[in-house]
Amino acid sequence: MKTYSSIHPSRGYALIQPLESEDKSEGVYLPDSSKETQAKGKILAVGSGSYLTGTDTCLPPEVKVGDIVFHKRFVDNKIKDGDKELLFVPFGDILAIIK
C-alpha cells in the first residue's frame, strides 16, 4: 500500500480512502440501496488536533493512521491520486472508529 507521508492534512482534517461496501453483514445480504448510505473508509493521514470552539484549547485527534471509520456520506473535499479518489474529512464528520 502506498504511504501518504507527503500529504499532511490541515488542522482538524483526516485523509480517508473510501472502502467498498460489503455485500453482507453478519450473514445477512445487504441490498444495493443500503450501500448508498454507508460511508466507510481507512485513515491514511491525520492533521493536528482541532481547537475547541471559543477557546485556545487544542483537542488531539481521536483517530490514527490505519483506523477504519464511518464518516458522513457527503464530502466535498475530494482529490484524485491516480485512479483512486481520496477524501479530506473534518474530524467532526467522523462518526465512529470500527474496532
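Basis of the calculations
Residues numbered from 1 in each chain as written. Predicted model: local features only at pLDDT ≥ 70, side-chain atom pairs only at ≥ 80, totals over all residues. Heavy atoms only, no water. Core = buried A, V, L, I, M, F, W, Y, C linked by side-chain atoms within 4.5 Å. Buried < 20%, exposed > 50% of the residue type's maximum accessible area, 1.4 Å probe, protein only. Helix = DSSP H or I, 4+ residues; strand = E, 2+ residues; numbered from the N terminus. Contact = heavy atoms within 4.5 Å. Pairing = 2+ DSSP bridges. Axes fitted to C-alpha atoms, helices over the stretch in contact; angles between N-to-C directions. 1 Å grid on protein atoms, 1.4 Å probe; cavity = no way out; pocket = protein on both sides within 12 Å on 5 of 7 lines; lining within 4 Å. Points joined across faces, edges and corners; volume = space filled by probe spheres on them. Nonpolar A, V, L, I, M, F, W, Y, C, P; charged D, E, K, R; others polar. pLDDT = per-residue confidence, 0-100.

(A) A look at the nonpolar core. Grouped together as the largest cluster of nonpolar side chains are eleven residues: A14, I16, I43, V46, V63, V69, V75, L87, V89, F91 and I94. For this core, the secondary structure elements donating two or more residues are β1 (13–18), β4 (40–46) and β9 (84–90). Those residues in contact with V75 that lie beyond four places of it in its chain are L87, F88 and V89.

(B) Broad picture of the sheet that holds β4. Strand order in the open sheet made by the six strands is β8-β9-β1-β4-β7-β10, with antiparallel pairing throughout. Each edge of the open sheet is held by one strand with a lone partner, namely β8 (78–81) and β10 (94–98). Strand after strand, the sheet turns through a mean of 40° between neighbouring axes, direction not considered. Pairing of strand β7 (residues 68–71) with β10, which is carried by four bridges, proceeds in the antiparallel orientation. The residue bridging I68 from the neighbouring strand is I98, located in β10.

(C) Looking closely at the layout of surface pockets. Within this model, the second largest pocket holds a volume of roughly 220 Å³. Taken together, S50, L59, P60, P61, E62, V63, F91, I94, L95, A96 and I97 make up the full set of residues lining the second largest pocket. The dominant element in the lining of the second largest pocket, judged by the number of residues it contributes, is β10, at four residues. Considering only residue class, the lining of the second largest pocket consists of nine nonpolar, one polar and one charged.

(D) Just the confidence of the model for the chain, in detail. On average, residues of the chain score 83 in pLDDT, and 77% of them reach the 70 mark or higher. Mean pLDDT across the elements of the chain ranges from a minimum in strand β2 (residues 24–25), with 51, to a maximum in β4, with 95.

(E) Representation of the pairing of β7 in the model. Only one face of β7 is covered, namely the face carrying V69 and H71; the face carrying I68 and F70 is uncovered. One ladder, built from three bridges, connects β4 with β7; its direction is antiparallel. Counted as the bridge partner of K42 is I68 from β7.

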